[in-house]
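Here's the letter readout for the chains.
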Amino acid sequence: MSASSSTRQGPHAQQGPAARQAAMAERVLADGSATAAELAERFGVSLMTIHRDLDELERQGVVRKFRGGVTAQPSGVFESNVQYRLKTMRAQKAAVAERALRMIEPGMAIMLDDSTSTLEMARKLRLGEITPLTVVTNFLEAINLLSDQRGIHLMALGGDYDPLHSSFLGVSCVEAVQSLRVDVCFASTSAVHGGYAYHQEQHIVSVKRAMLDAAARNVLLIDHTKLARTALHRVVPLSRFDLVLVDDGAGADALRDLDEHKVRYEVCTTRGGEEPAGTT
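As the structure is a computational prediction, the values presented were derived from the model and not from experiment. (Residues numbered from 1 in each chain as written. Predicted model: local features only at pLDDT ≥ 70, side-chain atom pairs only at ≥ 80, totals over all residues. Heavy atoms only, no water.)

## Some thoughts on the pairing of strand β15 (residues 265-268)
Then, in step 1: As judged from the 4 bridges shared by strand β14 (residues 243-247) and β15, these two strands associate in the parallel manner. Looking across to β15, one finds that L245 is bridged to E266.
Then, in step 2: With helix α11 (residues 252-260) bridging β14 and the parallel β15, this β-α-β connection has right-handed handedness. (Pairing = 2+ DSSP bridges. Helix = DSSP H or I, 4+ residues; strand = E, 2+ residues; numbered from the N terminus. Right-handed = clockwise from strand over helix to strand, strands pointing away.)

## Details of the packing of helix α6 (residues 90-101) against helix α7 (residues 116-125)
Then, in step 1: Between α6 and α7, whose axes approach to 8 Å, the crossing angle comes to 60°. Accordingly, the angle class assigned to the pair α6 and α7 is oblique. Here α6 and α7 pass one another in a crossing that is right-handed. In this structure, α6 uses R90, K93, A94, A97, E98, A100 and L101 to contact α7, whose residues at the interface are T116, S117, E120, M121, R123, K124 and L125.
Then, in step 2: Of the residues assigned to the contact of α6 with α7, the class counts are 6 nonpolar, 2 polar and 6 charged. (Axes fitted to C-alpha atoms, helices over the stretch in contact; angles between N-to-C directions. Parallel < 35°, antiparallel > 145°, perpendicular 65-115°, else oblique. Left-handed = near helix turned anticlockwise from the far one by under 90°. Contact = heavy atoms within 4.5 Å. Nonpolar A, V, L, I, M, F, W, Y, C, P; charged D, E, K, R; others polar.)

## Remarks on the packing of helix α3 (residues 36-43) against helix α4 (residues 47-59)
Then, in step 1: Where α3 contacts α4, the two axes come as close as 9 Å, and the packing angle between them is 110°. Between α3 and α4, the crossing angle belongs to the class labelled roughly perpendicular. The residues of α4 that touch α3, namely those facing A36, A37, L39 and A40, are L47, I50, H51 and L54.
Then, in step 2: Across the contact of α3 with α4, the residue classes break down as 7 nonpolar, 1 polar and no charged.

## A few points about the side chain of N218
Then, in step 1: By the secondary structure assignment, N218 is in strand β12 (residues 215-222).
Then, in step 2: Among the polar contacts made by the side chain of N218, one reaches the main-chain carbonyl oxygen of L212 at a distance of 3.2 Å.
Then, in step 3: Beyond its immediate chain neighbours, meaning those up to four positions away, N218 contacts C185, M211, L212, R240, F241, D242 and L243. (Polar contact = N/O pair within 3.5 Å; in protein donor to acceptor, adjacent residues only side chain to side chain.)

## Focus on the environment of A109
Then, in step 1: Along the chain, A109 falls in strand β4 (residues 109-112).
Then, in step 2: The spacing of A109 and A215 is 106 residues in sequence and 9.3 Å in space, taken between C-alpha atoms.
Then, in step 3: Beyond its immediate stretch of four places on either side in the chain, A109 contacts T134, V182, D183 and V184.

## Thoughts on unusual backbone geometry
Then, in step 1: For the bond running from T131 to P132, omega is -5°, close enough to zero to count as cis.
Then, in step 2: For P132, the position within the fold is in the loop between α7 and β5 (133-137).
Then, in step 3: Of note in the backbone geometry, A228 takes a positive phi value of approximately 60° without being a glycine.
Then, in step 4: Note on placement: A228 falls in the loop between β12 and β13 (233-237).
Then, in step 5: A relative accessible area of 58% places A228 in the exposed class. (Buried < 20%, exposed > 50% of the residue type's maximum accessible area, 1.4 Å probe, protein only.)

## Observations concerning the sheet that holds strand β3 (residues 69-71)
Then, in step 1: Strand order in the open sheet made by the 3 strands is β1-β3-β2, with antiparallel pairing throughout. Pairing within the sheet leaves two strands with one partner each, and these edge strands are β1 (33-35) and β2 (64-66). Taken pair by pair, the neighbouring strands of this sheet meet at an average axis angle of 20°, ignoring direction.
Then, in step 2: The pairing of β1 with β3 spans 3 bridges and is classified as antiparallel. Considered in β3, the bridge of T35 is made with G69.
Then, in step 3: In the packing of α3 onto the sheet, contacts are made with β1 and β3, and the angle to β1 comes to roughly 80°.
Then, in step 4: The sheet strands contacting α4 are β2 and β3, and the helix crosses β2 at an angle near 135°.

## So, the pairing of strand β11 (residues 196-199)
Then, in step 1: Two elements, strand β10 (residues 191-193) and β11, share 3 bridges in a ladder whose sense is antiparallel. Note that in β11 the partner of A191 across the bridge is Y198.
Then, in step 2: In this antiparallel pair of consecutive strands, β10 and β11, the connection spans 2 residues, and G194 shows a positive phi of 60°.
Then, in step 3: In this sheet, β13 lies alongside β11 in antiparallel orientation, the contact comprising 4 bridges. By the bridge assignment, Y196 is partnered in β13 with P237.

Following this line, the structure appears as structure tokens:
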């Protein structure tokens, strides 16, 4: 192989498939989407190799393919990888989380689902300003944040670990939830439309439903991109929530839909600028 052809192959050309796919996933999760041609040039391999890599990443659920490229963004049947969701709509999620925290009092038992919206609550609870408190969650990201926090009794829900969501799911998780009773469940979802909450994945839906059944009160945290969208599986009617919290990016038509279905909601003021559209 000549020096010129080696240079043309780029810095990732000598990587094995697994390392290249990991680097490719990191790039797509950071950018949101990419074309196959862009990835082939960046990684110095053929389009055929890129498509094989993307097929594997799609099989793992990290991304989804479309004609000519790949995306990490959600669709009606595809929930974004948690690493992508962690980067999106942070200011909007922080706004609704800040309002949700005002509903928590010392001595309560609360439940947090595996959404990045409730993870913003966990970040604030880590400050230790609301204690004593019992926090129940199946989200590994939240468990790691709160595991060493004095004044918080942390209950980690077990089950089958799902690395794409960084959470514990499955029948054993549902059974663990059903054995508990908490004061408030804080949850999010992928889409809200026509008086219902929706999500792309059935195994996520079953855990969310169990969490809502296990709480005396339920609060839904959503950023405005969830409104007027649908996903494959209906979770629950919005009437199951005592309050829906949404950021101030919500449009008039989307809020009108909530009004027409007699949903109790509050619009939360966002600090900072707009960020890319995200998911739960």
